[in-house]
Amino acid sequence: LDEGHERWEGERCPICFLFIGLPVGEHAKMYACCMKMVCKGCVLAAQLRGLRGCPFCRAPPTRIDDHASQLAMIQKRVDKG
């Protein structure tokens, strides 16, 4: 699949498996609960279905300003290896 840019496998949405457009930060959202980068189309589709948490792992939503809980989730994943 040649889309004009070389991309590594990590830049595919884990839900729809489509390539995430460049720049990735504008076309996807990173979730701290599962450390997945989900495309904005899948985020929108999940919101339209009524899912308010992570569209990949379905973890409950965290407050945007609650950096301590996000850091704790990331540290837990790092400790698991």
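Notes on the structure follow. Computed from a predicted model, the values in this text were never measured in an experiment.

## Considerations on helix H3 (residues 67-80)
Link 1 in the chain: In a regular helix each residue adds 1.5 Å, so 14 residues correspond to 20 Å; H3 covers 20 Å between its end C-alpha atoms and thus fits that length.
Link 2 in the chain: Across the 14 residues that make up H3, only a small minority, zero, are buried.
Link 3 in the chain: Gly 81, located one to two residues past H3, shows a positive phi value of around 90 degrees.

## Some points on the packing of aromatic side chains
Link 1 in the chain: Here the structure, examined in full by the defined rule, presents zero aromatic pairs.
Link 2 in the chain: Sitting over the ring of Phe 19, Arg 12 keeps its end group 4.0 Å from the ring centre.

## Brief notes about the nonpolar core
One broad trend across soluble globular proteins is that nonpolar side chains are buried collectively.
Link 1 in the chain: Residues Cys 13, Ile 20, Tyr 31, Cys 33, Val 38 and Cys 54 are the most contacted members of the largest nonpolar core, which totals 13 residues.
Link 2 in the chain: Going through the elements one at a time, strand S1 (28-31), strand S2 (36-39) and helix H2 (40-48) are the ones with two or more residues in this core.

## A look at the pairing of S1
Link 1 in the chain: Strand direction decides the pairing type here: S1 and S2, joined by four bridges, are antiparallel. Residue pairing in the sheet places Met 30 in a bridge with Met 37 of S2.
Link 2 in the chain: The antiparallel pairing of S1 with S2 creates a hairpin that spans four residues between the two strands, and Met 35 there sits at a positive phi of about 60 degrees.

## Considering the environment of Ala 28
Link 1 in the chain: Of note, Ala 28 is situated in strand S1.
Link 2 in the chain: Remark: the alpha-carbon pair of Ala 28 and Lys 40, spanning twelve residues in sequence, is separated by 5.0 Å.
Link 3 in the chain: Discounting residues that sit within four places of it in the chain, Ala 28 has contacts with Ile 20, Met 37, Val 38, Cys 39 and Lys 40.

Rules behind the numbers
- Residues numbered from 1 in each chain as written.
- Predicted model: local features only at pLDDT ≥ 70, side-chain atom pairs only at ≥ 80, totals over all residues.
- Heavy atoms only, no water.
- Helix = DSSP H or I, 4+ residues; strand = E, 2+ residues; numbered from the N terminus.
- Expected span 1.5 Å × (residues − 1).
- Buried < 20%, exposed > 50% of the residue type's maximum accessible area, 1.4 Å probe, protein only.
- Phe/Tyr/Trp six-rings, centres within 6.5 Å; stacked < 30°, edge-to-face > 60°.
- Lys NZ or Arg CZ within 6 Å of the ring centre and 35° of its normal.
- Core = buried A, V, L, I, M, F, W, Y, C linked by side-chain atoms within 4.5 Å.
- Pairing = 2+ DSSP bridges.
- Contact = heavy atoms within 4.5 Å.

Function cannot be inferred from these measures alone, as they are strictly geometric.
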